[in-house]
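# Topology and contacts: notes
Below are the chains, spelled out letter by letter.
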Amino acid sequence: MKSLSRRERQILDILYARGRATAAEVQAALPDPPGYSSVRALLRILEEKGHVRHEADGPRYVFSPRLAPSRARRSAVRHLLDTFFNGSSGDAVVALLDESAKTLTPEQLARIESIIDSARKRGQS
């Protein structure tokens, strides 16, 4: 993801949200959309970089992301941790909890507590 332009990231976000889309659908979903030819060119570049693939659906191409969403999510989280938290997942969790503590539901808090308890038990083994 490091070598992607803002537009390329936007297109990938659209493809991950939809699962697959034509160039026209991508264009319609982009903010301040460029021309159709530009969208096609960006999709081709993303394909050359290995982020996107296409399949023919009659006269048009349908594009989809190459990486499974779970793998892309792990990669994005790793990039976020490395960029903003010096690789520390603990620092990231603290930052997230500081930011959202007031909006967490009792169920979410219980889940977080359970994960912390499990981590403590694994650390003692």
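Residues numbered from 1 in each chain as written. Predicted model: local features only at pLDDT ≥ 70, side-chain atom pairs only at ≥ 80, totals over all residues. Heavy atoms only, no water.

Attention shifts here to the pattern of salt bridges. What the rule picks out here adds up to 6 salt bridges. The residue Glu-55 makes a salt bridge to Arg-20 at a minimum N-O spacing of 3.4 Å. Here Glu-55 is found in strand β2 (residues 52–57), whereas its partner Arg-20 is found in the loop between α1 (6–18) and β1 (21–22), with 35 residues between them in sequence. When its relative accessible area of 42% is taken as the criterion, Arg-20 is described as partly exposed. As a salt-bridge pair, Glu-48 and Arg-44 come within 3.6 Å of each other at their nearest N and O atoms. With Glu-48 and Arg-44 both in helix α3 (residues 36–48) and 4 residues apart, the pair spans about one turn of that helix. (Salt bridge = Lys/Arg side-chain N within 4 Å of Asp/Glu carboxyl O. Helix = DSSP H or I, 4+ residues; strand = E, 2+ residues; numbered from the N terminus. Buried < 20%, exposed > 50% of the residue type's maximum accessible area, 1.4 Å probe, protein only.)

For soluble globular proteins, nonpolar side chains are generally found buried alongside one another. Ranked by internal contacts, the top residues of the largest apolar core, which has 15 residues, are Ile-11, Leu-15, Val-26 and Leu-43. When contributions to this core are tallied by element, the ones reaching two or more residues are α1, α2 (23–29) and α3. Look past the residues within four positions of Leu-43 in its chain and what remains in contact with it is Ile-11, Leu-15, Ala-23 and Phe-63. (Core = buried A, V, L, I, M, F, W, Y, C linked by side-chain atoms within 4.5 Å. Contact = heavy atoms within 4.5 Å.)

Looking now at unusual backbone geometry. Here the phi dihedral of Asp-32 falls at roughly 45°; this positive angle occurs in a residue that is not glycine. As for its position among the elements, Asp-32 is in the loop between α2 and α3. A positive phi is found at Asn-86, a non-glycine position, where the angle reads about 50°.

The analysis is restricted to geometry; functional conclusions fall outside its scope.
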